[in-house]
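These are the residues of each chain, in order.
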Amino acid sequence: QRCLALIRSTQVLNAYITVAEETALKQAEEAEERYRRGQPLGELDGIPIAVKDNFNTAGIETTCASNMLKGYVPPYNATVVQKLLDQGAVLLGKTNLDEFAMGSGSTDGVFGPVRNPWSYSRQYKEKVASRSDSEPENSNWVIAGGSSGGSAAAVSAFTCFAALGSDTGGSTRNPAAHCGVVGLKPTYGLISRHGLIPLVNSMDVPGILTRCVDDAAVVLGTLAGHDPKDSTTVQDTFQPFALPSLTDVSKLCVGIPKEYHVPGLSSEILAVWSKAADLFKNAGAKVVEVSLPHTCYSIVCYHVLCAAEVASNMARFDGLEYGHRSDVNKSTESMYAATRREGFNDVVRGRILSGNYFLLKQNYEDYFVKAQKVRRLIANDFVKVFGSGIDILLTPTTLSDAVPYVEFIKEDNRTRSTQDDILTQAANMAGLPAVNVPTALSGRGLPIGLQFIGRSFQEKQLLTVAKWFE
Ligand code: GLN
């Protein structure tokens, strides 16, 4: 009830698309009853959780923040949603995002932009007020990051204890950094994607947003493991773990990739990053500069691969099986075209168009195949670095703290915003686990996060170090 009340009182954030008040209260009552009988269902019994609106939820509208799926009520739960419910979690509702998870601001969905809760913090208001007279409520509020901005804002505003996001290029870590919460992108294949409406199948992973690293480990434990409905999940059984309290980091080797000193990285973030490296050094860890030479190609490659997969993924939205269907009915073709024109925003249509271009017979080798090859080089950079004895990589998560919405949507910034994932994307190319840990506040009183990238399937080590650092 308190969570639901908080959702109501923070409605200005636009973090939720659907609040499943009735079912949530019923689930909570059932959990309470189990608690009274001393028979909890599992680790998450009675814990209020929110889910990004690109995961299917049986009986609850699932929109992907798109006109295409407005009103769509799936008949089944995504595996991760089912697993949460099986552990007793209370599903509060579905959170806001960029349409079909394409974006990095949570500004591009049909339900409007998500506002970062920190826009209303005392620290930010003081800083902003000292520079201008305008009310942060009206013009200076900052973006939540994206595309899982609704989930990050929901956790950050204390409306839930954990939320699911998705991460294809940074969509869990980026909003986690901007909203000051923990954002974990697990290893590709560790968690089922069944029921996650796909963006880029070869890179998508369900992400976990929580208030602290320990909570992320608990949620991971409930979600990880093989799913017969997702053939890309690994067969090995996953042992849930509680995180040890690391006291000695002297055997740890932390890599600082030099290619992450990218143009556009704010001096403030750079300072926080070097301070964090010093912290490890002073605690006795080995901190070494390493090189991931193909990092700079990850964004261009991503755009080719993403568009290609989007072009094929979005083919299912034809107005016949699910979602929106246009009234235009002169011919089947005109119905398809009108449905897709009315259903998708310009970002989605742009990617479909370019994806189909990259996949044309005469372009396929030059774009798609080449991008696949470069993807392999990017992944091999990590293999080499981890093979040389590095345990973990430490990098910034975002280029700067969150920017005001009015800045973010300016036309010239929108082209620049393709660079937003520059520090997070390569981990998706390589399928590696990575986590954002809130680290400091910027001069404007907004959160700054740092990212740890770990070895494949070494979530325990990754999170243990993240917890030490937290
Ligand atoms: N910003 C990237 C995109 O727009 C990544 C999104 C994501 O990780 N879902 O494709």
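Here is what the cut-offs are and how they apply
- Along every chain, residues carry numbers that run from 1 in the direction the sequence is written.
- Residues qualify for local features only when their pLDDT is at least 70, as the model is predicted, and side-chain atom pairs are given and counted only at 80 or more; totals for whole chains, interfaces and linings, by contrast, use all residues.
- UniProt positions are given in the numbering used here, feature names are shortened, and annotations may be inferred rather than shown by experiment.
- Backbone-placed C-beta atoms define the burial measure: a residue is buried with 20 or more other C-beta atoms within 10 Å of its own, exposed with 12 or fewer, and partly exposed in between.
- Contact between residues is assigned whenever the C-beta positions, reconstructed from backbone atoms, fall within 7 Å.
- Any nonpolar core is a set of buried residues, restricted to Ala, Val, Leu, Ile, Met, Phe, Trp, Tyr and Cys, that join up through C-beta atoms within 7 Å.
- Put simply, DSSP H or I for four residues or longer makes a helix, DSSP E for two residues or longer makes a strand, and each gets a number counted from the N terminus.
- Every axis in this analysis is a line fitted to C-alpha atoms, fitted for helices over the stretch in contact. Angles between the N-to-C directions lie between 0 and 180 degrees.
- Angles are sorted into four bins: roughly parallel if under 35 degrees, roughly antiparallel if over 145, roughly perpendicular if 65 to 115, and oblique for all others.
- Nonpolar residues are Ala, Val, Leu, Ile, Met, Phe, Trp, Tyr, Cys and Pro. Charged residues are Asp, Glu, Lys and Arg, and all others, Gly as well, are polar.
- Pairing between two strands is assigned when DSSP locates at least 2 bridges connecting them.

As named in an unreviewed UniProt entry, the protein chain is Glutamyl-tRNA(Gln) amidotransferase subunit A, mitochondrial, taken from Coturnix japonica. The Subcellular location (unreviewed entry) field of the UniProt record for the protein chain holds the comment "Mitochondrion". The record held by UniProt for the protein chain lists under Subunit (unreviewed entry) the comment "Subunit of the heterotrimeric GatCAB amidotransferase (AdT) complex, composed of A (QRSL1), B (GATB) and C (GATC) subunits."

Student: So what exactly am I meant to see when it comes to the UniProt feature "active site" (unreviewed entry) in the protein chain here?
Tutor: Under the feature "active site" (unreviewed entry), the UniProt entry names Lys52, Ser147 and Ser171. A maximum C-alpha distance of 11.0 Å among these annotated residues, which run over 120 residues, shows that they cluster at one spot. Take lysine 52: there are 32 C-beta atoms within 10 Å of it, and that puts it in the buried class. If we ignore the near neighbours within four places in the chain, the residues touching lysine 52 are Thr95, Leu97, Ser148, Gly150, Ser151, Leu164, Gly165 and Ser166. Exposure remark for serine 171: the 36 C-beta atoms within 10 Å place this residue in the buried category. In this structure, serine 171 is in contact with Ala101, Gly146, Ser147, Ser148, Gly165, Ser166 and Gly207, ignoring residues within four places of it in sequence.

Student: How should I be thinking about the nonpolar core in this particular structure?
Tutor: Taken as a class, soluble globular proteins show a tendency for nonpolar side chains to be buried jointly. Of all hydrophobic cores here, the largest spans 130 residues; its most connected members are Ile49, Leu92, Cys160, Ala163 and Phe452. Considering every element that reaches this core, the biggest residue donor is helix 10 (residues 298-313), with eight residues. If near-sequence neighbours (up to four positions away) are discounted, leucine 92 is found in contact with Cys3, Ile7, Val19, Ala20, Ala24, Pro48, Ile49, Ala50 and Cys160.

Student: Any chance you could explain the packing of helix 10 against helix 12 (residues 346-358) here in plain terms?
Tutor: Angle between the axes and distance between the axes: these two values describe a pair of packed helices. Two elements in contact, helix 10 and helix 12, have axes whose closest approach is 7 Å; the angle formed by their N-to-C orientations is 100 degrees. The orientation of helix 10 with respect to helix 12, classified from their angle, is roughly perpendicular. On helix 12, the residues that touch Val304, Cys306, Ala307, Ala308, Val310 and Ala311 of helix 10 are Arg351, Ile352, Ser354, Gly355, Asn356 and Phe358. Here the residues of the contact of helix 10 with helix 12 are counted per class, giving eight nonpolar, three polar and one charged.

Student: Would you explain the sheet that holds strand 7 (residues 253-257) in this entry?
Tutor: If you trace the eleven strands from one edge of the open sheet to the other, you get 1-3-2-4-6-5-10-11-9-7-8, paired in mixed fashion. In this open sheet, the two edge strands, each paired with only one partner strand, are strand 1 (16-19) and strand 8 (286-290). The sheet shows a mean angle of 30 degrees between the axes of neighbouring strands, direction not considered. Here strand 7 pairs with strand 9 (residues 392-396) via two bridges, running parallel. When the sheet's bridge partners are listed, valine 254 is paired in strand 9 with isoleucine 392. In the packing of helix 6 (residues 149-156) onto the sheet, the strands contacted are strand 1, strand 2 (48-52), strand 3 (90-95), strand 4 (162-167), strand 5 (182-185) and strand 6 (205-210), and the crossing angle to strand 4 comes to about 155 degrees. The strands touched by helix 17 (residues 459-469) are strand 9, strand 10 (434-441) and strand 11 (447-453); relative to strand 10, the strand with the most contacts, the crossing angle is about 5 degrees.

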